[in-house]
There are 2 protein chains.
Amino acid sequence: RNYSEKLKKQFSDKEYVGFATLPNQVHRKSVKKGFDFTLMVAGESGLGKSTLVNSLFLTDLYKDRKLLNAEERITQTVEITKHTVDIEEKGVKLKLTIVDTPGFGDAPVADYIDQQFEQYFRDESGLNRKNIQDNRVHCCLYFISPFGHGLRPLDVEFMKALHEKVNIVPVLAKADTLTPSEIEQYGIKIYQFPDCDSDEDEDFKQQDYELKESIPFAVIGSNTVVEAKGKRVRGRLYPWGIVEVENLAHCDFLKLRNMLVRTHMQDLKDVTREIHYETYRAQYVRMDVSHQAVGLLSLSLSLSLPLLPPPTQLRRMQEMLLRIQDQMHTQKDAY
Amino acid sequence: RNYSEKLKKQFSDKEYVGFATLPNQVHRKSVKKGFDFTLMVAGESGLGKSTLVNSLFLTDLYKDRKLLNAEERITQTVEITKHTVDIEEKGVKLKLTIVDTPGFGDAPVADYIDQQFEQYFRDESGLNRKNIQDNRVHCCLYFISPFGHGLRPLDVEFMKALHEKVNIVPVLAKADTLTPSEIEQYGIKIYQFPDCDSDEDEDFKQQDYELKESIPFAVIGSNTVVEAKGKRVRGRLYPWGIVEVENLAHCDFLKLRNMLVRTHMQDLKDVTREIHYETYRAQYVRMDVSHQAVGLLSLSLSLSLPLLPPPTQLRRMQEMLLRIQDQMHTQKDAY
């Protein structure tokens, strides 16, 4: 039999058990299941955020967006919006969600991230956890304006309000002069590339080093194909020349994409799950006495059970009970 | 620069984003983290369970075990024991735990499995989830005696008591005449090999089919190398000939090992996590009113917080409060 022949061959090495195939089993399962990734873009309007995202994923995420005229722009209620696309590449499926925060300050964006954590917390505390939809934000590209000559107070405030909640990757909307040390100087914790293992090969170490050196990534995006030196490239045509998006000398676009997609996408997800979400969850659970009410609340909600009175009410009741019993005793004694 | 050159080459295909590397990122991370697997062996003594496990993993898990004389055997308190070994193969690390249940009935074994689930439930409901030790049992090899001419009531009872809690893989201690339909006839749900995807290659489908046909696996184990037809093989020497362990015509040892280690180890873990543990958790959470107390208990334990009174006590207090208030009103009215 075919299979038997194969088995015999596999086992010809008598000292090989076969659990070295475990990573392949994981690999196989992950392909079967497919991937998802939620990317948030933040920063003021007009910095080319949508264009960059489209360039990163070579897809039109905003095809349904209509351009507004000046009057509409003023009356429009601007909201945090989500765009989701299913894309596939070499048999690998990715459900990509882009969360757009047009010109928002830190408070509503922090709220949005917290809400996703809270929803996840409720779901994972609930009864049926089979089909939990995970909307947690895995990465936030924060666009720094090139006109501010460095970080403005607004930028510092925004990143500091969010850096415990989400992996921040600062992006300079166009090449500028902001240095990594400036970011550190303000005490902002941006997404930390994990340390290289000492046993990694030299190529990987070099790549890692150059990535870390490139922060903030100075990028431009373009969905336009232009002609440069006889070749057709993605780029922007300026009166003074062509900026090629995918030219490393022109901008860090390739490095950003490489990091975000090819080398660190899974790590961004792991850090979100293991650090940011756990930080949120611990605060939520610890929250004073009320955590007990919260635990009950989330359980009760998921079970549709009647709620117990919250602890404060309970305490008041206990006190009242004692007081009344006391009063009654006094009355009795008085008789 | 070396890396820049590499990047340029990678991006020469302009329509390739690169998220097809996601399974490789998962693969890489899984190797870095290492694997663990907990295997339980059950069934009466003297069926060669330890020998088989040692043969499966080519390691001596029981090197510290001392053989007891008859007197010691009687006075010895037999317990469920755990043996853990760290083994490595081609750079893949596996922490293998064998849970031994020498001759136990179903009740203590079911209790043991439940205790691991309960511990995990407490840990994952607790505050610090960083270093949770997962002791959940991923698979139970149930050894059927070859002298019983099929399943005995004891076997049926045992497997039925456990089949909702753990992945059962029945093993016939030596080649015998029990057929798969006999297992089905008793309504025992053994570990179900996941269905093949229709897009799998023919080899994989054939392998899958033959695996399913081989249940229960008829195996013998041996750590002795004997000489058979001039070749040195793992096997047992009988007066009437040699049974080669790794000969497919002689027994299903290779098939069992292939299934357990090379093709389905990850699936056994996933089914444990997604089906058996979730079933336990749902029952635990749902458990009448007391689930609320339990939720509080596990939270409070992990937070070392004083407990709220249990719901029944609370209800009694509310009733008492009402009664007392009522009494007081009556008294007031009486004045």
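Criteria and cut-off values
- Residues numbered from 1 in each chain as written.
- Chains lettered and ligands numbered in written order.
- Predicted model: local features only at pLDDT ≥ 70, side-chain atom pairs only at ≥ 80, totals over all residues.
- Heavy atoms only, no water.
- UniProt positions renumbered as here; feature names shortened; annotations may be inferred.
- Buried < 20%, exposed > 50% of the residue type's maximum accessible area, 1.4 Å probe, protein only.
- Helix = DSSP H or I, 4+ residues; strand = E, 2+ residues; numbered from the N terminus.
- Pairing = 2+ DSSP bridges.
- Expected span 1.5 Å × (residues − 1).
- Salt bridge = Lys/Arg side-chain N within 4 Å of Asp/Glu carboxyl O.
- Core = buried A, V, L, I, M, F, W, Y, C linked by side-chain atoms within 4.5 Å.
- Contact = heavy atoms within 4.5 Å.
- Axes fitted to C-alpha atoms, helices over the stretch in contact; angles between N-to-C directions.
- Left-handed = near helix turned anticlockwise from the far one by under 90°.
- Nonpolar A, V, L, I, M, F, W, Y, C, P; charged D, E, K, R; others polar.
- Polar contact = N/O pair within 3.5 Å; in protein donor to acceptor, adjacent residues only side chain to side chain.

By the naming in an unreviewed UniProt entry, chain A is Septin-type G domain-containing protein, taken from Monopterus albus. According to the UniProt record, the Sequence similarities (unreviewed entry) comment for chain A is "Belongs to the TRAFAC class TrmE-Era-EngA-EngB-Septin-like GTPase superfamily. Septin GTPase family." Turning to chain A, the UniProt annotation filed under Subcellular location (unreviewed entry) states: "Cytoplasm".

1. Here we look at the pairing of strand β3 (residues 92-100) of chain B
Here is the key point about a regular strand: its side chains alternate between the two faces of the sheet. Residue and element names in this part refer to chain B. Of all nine residues in β3, seven are buried; the element is thus mostly enclosed. Bridge count between strand β1 (residues 35-42) and β3: seven bridges; the pairing is parallel. In the sheet register, T38 faces β3, and the bridge partner there is T97. In this sheet, β3 lies alongside strand β2 (residues 81-89) in antiparallel orientation, the contact comprising nine bridges. Across the sheet, H83 pairs through a bridge with I98, a residue of β3. Once β2 ends, the chain turns through two residues before running back antiparallel as β3, passing K90 with a positive phi of about 50°.

2. Section: the UniProt feature "site: Important for dimerization" (unreviewed entry) in chain A
Residue and element names in this part refer to chain A. Following the UniProt record, the feature "site: Important for dimerization" (unreviewed entry) maps to F147 here. As for its placement among the helices and strands, F147 is situated in the loop between β4 (139-144) and α6 (153-162). Since its relative accessible area comes to 62%, F147 is described here as exposed.

3. What about helix α5 (residues 106-125) of chain A?
Under the 1.5 Å per step criterion, the end-to-end length of α5 of chain A is 28 Å for 20 residues, consistent within 8% with the ideal 28 Å. For α5 of chain A, the set of buried residues is V109, A110, Y112, I113, Q116, F117, Y120, F121, E124 and S125 of chain A.

4. So, the pattern of salt bridges
Applying the stated criterion across every chain yields a total of 26 salt bridges over all chains. Put simply, D134 of chain A and R136 of chain A hold a salt bridge, and the shortest N to O gap is 2.9 Å. What makes D134 of chain A partly exposed here is its relative accessible area of 25%. On the basis of relative accessibility, which here comes to 4%, the residue R136 of chain A falls in the buried class. Close ionic contact of D36 of chain B with K269 of chain B constitutes a salt bridge, the shortest N to O distance being 3.9 Å. Residue D36 of chain B is located in strand β1, and its partner K269 of chain B is located in helix α10 (residues 265-286); the two are separated by 233 residues in the primary sequence. Exposure remark for D36 of chain B: the relative accessible area of 28% places this residue in the partly exposed category. Each of K29 of chain A together with D267, D270, R273 and E274 of chain B takes part in a single network of salt bridges with overlapping partners.

5. Focus: the nonpolar core
Within the largest apolar cluster, 143 residues are counted, with the highest numbers of intra-cluster contacts made by F57 and L141 of chain A together with F57 and L141 of chain B. Apart from residues lying up to four places away in sequence, F57 of chain B is in contact with V17 of chain A together with L39, I87, L96, V261 and M265 of chain B.

6. Quick notes on the environment of M159 of chain A
On the secondary structure map, M159 of chain A appears in helix α6. Separated by 19 residues in the primary sequence, M159 of chain A and C140 of chain A have C-alpha atoms spaced 9.7 Å apart.

7. Side note on the packing of helix α2 (residues 22-33) of chain A against helix α2 (residues 22-33) of chain B
Direction vectors running N to C along α2 of chain A and α2 of chain B enclose 145°, while the axes themselves pass 9 Å from each other. Here α2 of chain A runs over α2 of chain B; the crossing is right-handed. Contact residues: α2 of chain A offers P23, N24, V26, H27, S30 and V31 of chain A, while α2 of chain B offers P23, N24, V26, H27, S30 and V31 of chain B. Residues of the contact of α2 of chain A with α2 of chain B, tallied by class, amount to six nonpolar, six polar and no charged.

8. Comments concerning the environment of V156 of chain B
All names here are of chain B. Structurally, V156 is set in helix α6 (residues 153-162). In this structure V156 comes out as buried when scored by relative accessible area, which is 12%. As for V156 and I188, which are separated by 32 residues in sequence, their C-alpha atoms are 7.3 Å apart.

9. A word on the side chain of Q25 of chain B
By the secondary structure assignment, Q25 of chain B is in helix α2. Here the side chain of Q25 of chain B touches V261 of chain A through a polar contact of 2.9 Å, landing on its backbone oxygen. Among all residues touching Q25 of chain B, those that are not within four sequence positions of it are V261, R262, T263, H264, M265 and Q266 of chain A.

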